[in-house]
Amino acid sequence: MRMMGGYEDLTPGRAAEGVEALKMRAVHIIDTSPGELPQDPEWGWGVRNYLGVNLGAGDLDLIAQVGRAAFRRDPEVSDATVSIAQTAPGRATIHVQLQTTLGDVTVETEIS
């Protein structure tokens, strides 16, 4: 099983529900590039596509805005706050605070 953001991508014999499902979906949005899913080509953020070089604070803010828009396309998310801290070229910590139909949900993950 592949681990992303501390959440198991697949648990045999069990389907994720509620907040757990929202957290898993958020990590998948972070990890999936737009166009990667033929059935929904606009779905995803694909943050790895932006992290190949050393970025300034303004660049990180713009990338975070793209992420916020990706999260807001989810029907259970009314708003999102996204921050990115680049730890090295090609590595970053992503912090997402989602306002959802189930209440506030926080996801933090390391991307490389």
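Computed from a prediction, not measured in an experiment: that's the story for all the values here. Position numbers for residues count from 1 along each chain, tracking the sequence in the order it is written. For this predicted model, a pLDDT threshold of at least 70 governs which residues receive local features, and a threshold of 80 or more governs which side-chain atom pairs are given and counted, while totals over whole chains, interfaces and linings are taken from all residues. Computation of side-chain values covers all heavy atoms of the structure but excludes hydrogens and water.

Student: Would you mind showing me how to read the overall build of the protein here?
Tutor: Across its full length, the protein carries two helices and five strands. Working definition: helices are DSSP H or I runs of at least four residues, strands are E runs of at least two. Numbering for both runs from the N terminus. If you list the helices and strands of the protein from N to C, you get β-β-α-α-β-β-β. Only protein chains enter the area calculation, which uses a 1.4 Å probe; residues under 20% of their type maximum are buried, those over 50% are exposed, and those in between are partly exposed. Here the protein holds 112 residues, and the buried ones make up 34% of them. When checking whether two residues touch, look at their non-hydrogen atoms; a contact exists if any pair is within 4.5 Å. Sequence separation of at least 24 residues holds for 35% of the intrachain contacts in the protein that already meet a minimum separation of 6.

Student: Even after reading the chapter, I still don't get the sheet that holds strand S4 (residues 91–100), so can you show me in this structure?
Tutor: Sheet strands line up and pair through hydrogen bonds in the backbone, either parallel or antiparallel. When DSSP finds two or more bridges between a pair of strands, those strands are recorded as paired. Taken in spatial order, the three strands make up an open sheet running S3-S4-S5, and their pairing is antiparallel. Edge positions in the open sheet fall to strand S3 (77–88) and strand S5 (103–111), since each of these has one partner strand only. Put simply, the sheet's adjacent strands are angled 10° from each other on average, direction ignored. In this structure, S3 lies alongside S4, joined through 10 bridges in antiparallel fashion. In the sheet register, Ala85 faces S4, and the bridge partner there is Thr93. Axis definition: a line fitted to C-alpha atoms, limited for helices to the stretch in contact. Angles are taken between N-to-C directions and run from 0 to 180 degrees. Sitting on the sheet, helix H2 (residues 57–72) is in contact with S3 and S4, with an inclination near 145° to S3.

Student: What's the story with the pairing of S5 in this structure? I'm lost.
Tutor: Look at any regular strand and the pattern is simple: side chains alternate between the two faces of the sheet. Taken together, the nine bridges between S4 and S5 define a ladder with antiparallel strand orientation. The residue bridging His95 from the neighbouring strand is Glu108, located in S5.

Student: Please clarify how the confidence of the model for the protein should be interpreted in this entry.
Tutor: Detailed reading of the predicted model is not advised wherever pLDDT is low. For the protein, per-residue confidence averages 86 on the pLDDT scale, and 88% of positions sit at 70 or higher. Ignoring residues within four places in sequence, the model shows residues 1–10, a span with pLDDT below 50, making 26 contacts including any to other chains. A score from 0 to 100, pLDDT tells how confident the predictor is in each residue.

Student: Please clarify how the packing of aromatic side chains should be interpreted in this entry.
Tutor: Given two aromatic rings, one states the distance between the centres and the angle between the planes to describe the pair. Pairs were defined over the aromatic rings of Phe, Tyr and Trp, the Trp ring being its six-membered one, requiring ring centres within 6.5 Å. Orientation was assigned from the angle between planes: stacked under 30 degrees, edge-to-face over 60, tilted for the rest. Tallied over the entire structure, the rule returns one aromatic pair. Both rings, one in Trp45 and one in Phe71, keep their centres 5.9 Å apart while their planes meet at 70°; by these two values the pair is edge-to-face. Here Trp45, found in the loop between helix H1 (18–31) and H2, pairs with Phe71, found in helix H2; they are 26 residues apart in sequence, far enough to count as distant.

Student: Would you mind going over the nonpolar core with me for this structure?
Tutor: Buried together is how nonpolar side chains tend to be arranged in soluble globular proteins. In plain words, nonpolar cores are sets of buried Ala, Val, Leu, Ile, Met, Phe, Trp, Tyr and Cys residues tied together by side-chain atoms within 4.5 Å. Judged by nonpolar contacts, the single largest core of 25 residues is most densely connected at Trp45, Val47, Phe71, Ile84 and Ile94. Mapped by element, the contributors of at least two residues to this core are H1, H2, S3, S4 and S5. Not counting chain neighbours up to four residues away, the residues in contact with Val47 comprise Ile30, Ile63, Ile84, Ile94 and Ile111.

Student: Can you walk me through the side chain of Thr100 in this structure?
Tutor: On the secondary structure map, Thr100 appears in strand S4. Judged by relative accessible area, Thr100 falls into the buried class, the value being 13%. Counted as a polar contact is a pair of N or O atoms within 3.5 Å, where, for protein atoms, one must be capable of donating a hydrogen and the other of accepting one, and residues adjacent in sequence contribute only when both atoms are in side chains. Among the polar contacts made by the side chain of Thr100, one reaches the main-chain amide nitrogen of Leu102 at a distance of 3.0 Å. Among the polar contacts listed, one links the side chain of Thr100 to the backbone oxygen of Gly103, at a separation of 2.6 Å. Once residues within four sequence positions are removed from consideration, Thr100 is found in contact with Leu22, Glu76, Val77, Ser78 and Val105.

Student: What is the right way to read H1 from this model?
Tutor: Every α-helix winds through 3.6 residues per turn, so residues three or four apart in the chain are directed the same way. Given a helix with a known number of residues, its expected span is that number minus one, times 1.5 Å. Taking 1.5 Å per residue as the helical rise, H1 with its 14 residues ought to reach 20 Å, and the 20 Å between its terminal C-alpha atoms agrees with that figure. Looking only at H1, the buried set comprises Ala21, Leu22, Met24, Ala26, Val27, Ile29, Ile30 and Asp31.

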